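Coordinate analysis (summary)
Spelled out, the chains give:
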Amino acid sequence: DGGITQSPKYLFRKEGQNVTLSCEQNLNHDAMYWYRQDPGQGLRLIYYSQIVNDFQKGDIAEGYSVSREKKESFPLTVTSAQKNPTAFYLCASTDRARTGELFFGEGSRLTVL
Amino acid sequence: KNQVEQSPQSLIILEGKNCTLQCNYTVSPFSNLRWYKQDTGRGPVSLTIMTFSENTKSNGRYTATLDADTKQSSLHITASQLSDSASYICVVSPFSGAGSYQLTFGKGTKLSVIP
């Protein structure tokens, strides 16, 4: 079945460590996105990529990095520079020809110990 | 600044009852509005999309309405089921052809359906 796969589902990190969250899609979508979700807040855009080898900062990019070497993959690295990384992270994709509907992965919950 | 406000923040209803969730937006221009359902610990899933020319759209027991003049939308759930327990998120797109990076998200309404 087509969809978006995020891994790991749960991740624990010590302060000062970098961690990478995986996002893979087999929907043949051009655009991919990373969102952060905190309790009581709306989704906030971290980074997005509309095409391979290109990506743009979203509203809260500080302390995060991404790469887009393949159409199917858009990994997110949470660096030690991110001061409050504990959150639920959602990866999404959309077909550029049908803007609007985001297809989300199941999310990754990162906890900093 | 574009904003999407949802109410109530949370809601508890008995199984079988109906409920209505509200979404008010200040996004301008306006192209479309989507309602997403997010089960706890999972990714959101699209329920319905409303364009500026549509007033009502149904998806099973879910009925969305839109008043583009007052910039209000509602999501009505009929004969609620335990599986309706989730957060419902309202998302607004500013113009046709806008990239998904230009969406404005509401904070969601957390619905709990109890037996």
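Residues numbered from 1 in each chain as written. Chains lettered and ligands numbered in written order. Predicted model: local features only at pLDDT ≥ 70, side-chain atom pairs only at ≥ 80, totals over all residues. Heavy atoms only, no water.

Points about the packing of aromatic side chains
This structure, assessed with the given rule, holds nine aromatic pairs over all chains. Between the aromatic rings of Tyr-33 of chain A and Tyr-48 of chain A, the centroid separation amounts to 6.3 Å while the plane-to-plane angle is 25°, which identifies the pairing as stacked. Of the two residues, Tyr-33 of chain A sits in strand 4 (residues 31-37) while Tyr-48 of chain A sits in strand 5 (residues 44-51), which places them 15 residues apart along the sequence. Residue Tyr-48 of chain A is classed as buried on the basis of its relative accessible area of 11%. Aromatic rings pair up to connect Tyr-33, Tyr-35, Tyr-48 and Phe-104 of chain A together with Tyr-36 and Phe-105 of chain B into one cluster. The ring of Phe-74 of chain A carries Arg-68 of chain A above its face, with NZ or CZ at 6.0 Å from the centroid. Directly above the aromatic system of Tyr-62 of chain B lies the positively charged group of Arg-61 of chain B, at a separation of 5.7 Å from the ring centroid. (Phe/Tyr/Trp six-rings, centres within 6.5 Å; stacked < 30°, edge-to-face > 60°. Helix = DSSP H or I, 4+ residues; strand = E, 2+ residues; numbered from the N terminus. Buried < 20%, exposed > 50% of the residue type's maximum accessible area, 1.4 Å probe, protein only. Lys NZ or Arg CZ within 6 Å of the ring centre and 35° of its normal.)

Details of the nonpolar core
Of all hydrophobic cores here, the largest spans 23 residues; its most connected members are Tyr-25, Leu-33, Trp-35, Leu-75, Tyr-88 and Val-92 of chain B. Only strand 3 (19-25), strand 4 (32-38), strand 5 (45-51), strand 7 (62-67), strand 8 (72-77), strand 9 (86-93) and strand 11 (109-114) of chain B provide two or more residues apiece to this core. Look past the residues within four positions of Tyr-25 of chain B in its chain and what remains in contact with it is Gln-3, Val-4, Phe-30, Leu-33, Leu-66, Asp-67, Ala-68, Lys-71, Gln-72 and Val-92 of chain B. Ile-4, Met-32, Ala-61 and Val-66 of chain A belong to the second largest nonpolar core, which has 19 residues in total. (Core = buried A, V, L, I, M, F, W, Y, C linked by side-chain atoms within 4.5 Å. Contact = heavy atoms within 4.5 Å.)

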